[in-house]
Amino acid sequence: MTTTIYHNPNCGTSRNTLAMLREAGEEPTVIEYLKTPYTRPDLVDLIGRMDIAVRDLLRQKGTPYDELGLGDDKWSDDELIDFMVAHPILVNRPIVVTERGAALCRPSEKVLELMPEGAIKSFVKEDGEIVTGAVSE
């Protein structure tokens, strides 16, 4: 399976998602999107593949969301995408792309939907939380 993760190593959810992929035997292509920002066409493609609203991809915490006034409904999807391209920290993470689809993996367990059934027998997150339901026996 070919897998790509748009990753922020400072984010616990992103680290847990990457660790789950590796636990499943995947060595994904890791794109640190703050170092290698999204292009507009890539971001538009990812949003379409995830089949989510543009606003659902916006991150508020620890970003210039409030100072840019992005909560205002006056912004079109195209304008919001332009903001995300200009300020990659506004893009929520992690995004994982596999042959099975693409998803914003929040919470990190969402990545299980993109893996073959039974790919992970068990997993313990950084905070000690045990991921259950990773295997259907």
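Above this text you will find the structure in question.
Before going into details, it helps to say that this report is about the structure given with it. Model, not experiment: these values are computed from the prediction.

What counts and how
Residues numbered from 1 in each chain as written. Predicted model: local features only at pLDDT ≥ 70, side-chain atom pairs only at ≥ 80, totals over all residues. Heavy atoms only, no water. Helix = DSSP H or I, 4+ residues; strand = E, 2+ residues; numbered from the N terminus. Rg over C-alpha atoms; globule rule 2.2 N^0.38 Å. Buried < 20%, exposed > 50% of the residue type's maximum accessible area, 1.4 Å probe, protein only. Contact = heavy atoms within 4.5 Å. Lys, Arg positive; Asp, Glu negative; His and termini not counted. Charge placed at Lys NZ, Arg CZ, Asp CG, Glu CD. Pairing = 2+ DSSP bridges. Axes fitted to C-alpha atoms, helices over the stretch in contact; angles between N-to-C directions. Core = buried A, V, L, I, M, F, W, Y, C linked by side-chain atoms within 4.5 Å. Polar contact = N/O pair within 3.5 Å; in protein donor to acceptor, adjacent residues only side chain to side chain. Disulfide = S-S within 2.5 Å.

1. Concerning the overall build of the protein
Counting its secondary structure elements, the protein contains three helices and six strands. Starting at the N terminus, the α and β elements of the protein follow one another as β-α-β-α-α-β-β-β-β. In summary, the protein has a C-alpha radius of gyration of 15 Å against a globular reference of 14 Å for 137 residues, a match within 12%. Counting only C-alpha atoms, the protein reaches 50 × 30 × 25 Å along its principal axes. Scored against the burial criterion, the 137 residues of the protein give a buried share of 42%. Taking the contacts inside the protein whose residues are at least 6 apart along the sequence as the reference set, 59% of them involve residues at least 24 apart. Put simply, the protein has 15 plus and 24 minus side-chain charges, and the middle of one group is 4 Å from the middle of the other.

2. Some remarks on the sheet that holds strand β4 (residues 101-104)
Here four strands make up an open sheet; going across it, the order is β2-β1-β3-β4 and the pairing mixed. Taken across any chain shown, the strands that pair with only one partner, and hence form the sheet edges, are β2 (29-32) and β4. Shown here is a sheet whose adjacent strand axes are inclined to one another by a mean of 15°, direction ignored. In this structure, strand β1 (residues 4-7) lies alongside β2, joined through four bridges in parallel fashion. Note that in β2 the partner of Y6 across the bridge is I31. This element, helix α1 (residues 12-23), spans β1, β2 and β3 (95-98) of the sheet and lies at about 160° to β1. The strands touched by helix α2 (residues 40-50) are β1, β3 and β4; relative to β3, the strand with the most contacts, the crossing angle is about 75°.

3. Thoughts on the nonpolar core
Y38, L43, L57, L70, M84 and I95 are the most contacted members of the largest nonpolar core, which has 23 residues in total. Listed by contribution, the elements that provide at least two residues to this core are α2, α3 (77-86), β3 and β4. Ignoring anything within four residues of it in the chain, the contact list for M84 reads L43, V54, L57, L58, L90 and V91. In this structure, I5, L18, M20 and I120 belong to the second largest nonpolar core, which totals 13 residues.

4. Description of the environment of G128
Within the fold, G128 resides in the loop between β5 (123-124) and β6 (130-131). Residue G128 is classed as partly exposed on the basis of its relative accessible area of 44%. Along the chain, G128 and P37 lie 91 residues apart, while their C-alpha atoms are 31 Å from each other.

5. Details of the side chain of N8
Mapped onto the secondary structure, N8 falls in the loop between β1 and α1. Exposure remark for N8: the relative accessible area of 4% places this residue in the buried category. A polar contact of 2.9 Å, which involves the side chain of N8, links it to the backbone nitrogen of N10. The contact partners of N8, leaving out residues within four places of it in the chain, are S14, Y33, L34, I89 and R93.

6. Focus: the state of the cysteines
Simply put, disulfide is the name for a covalent bond between the sulfur atoms of two cysteines. Using the criterion set out here, one finds zero disulfides in the structure. C11 forms no disulfide, and the closest cysteine sulfur to it belongs to C105, at a distance of 11 Å.

Read these as spatial facts, not as claims about activity.
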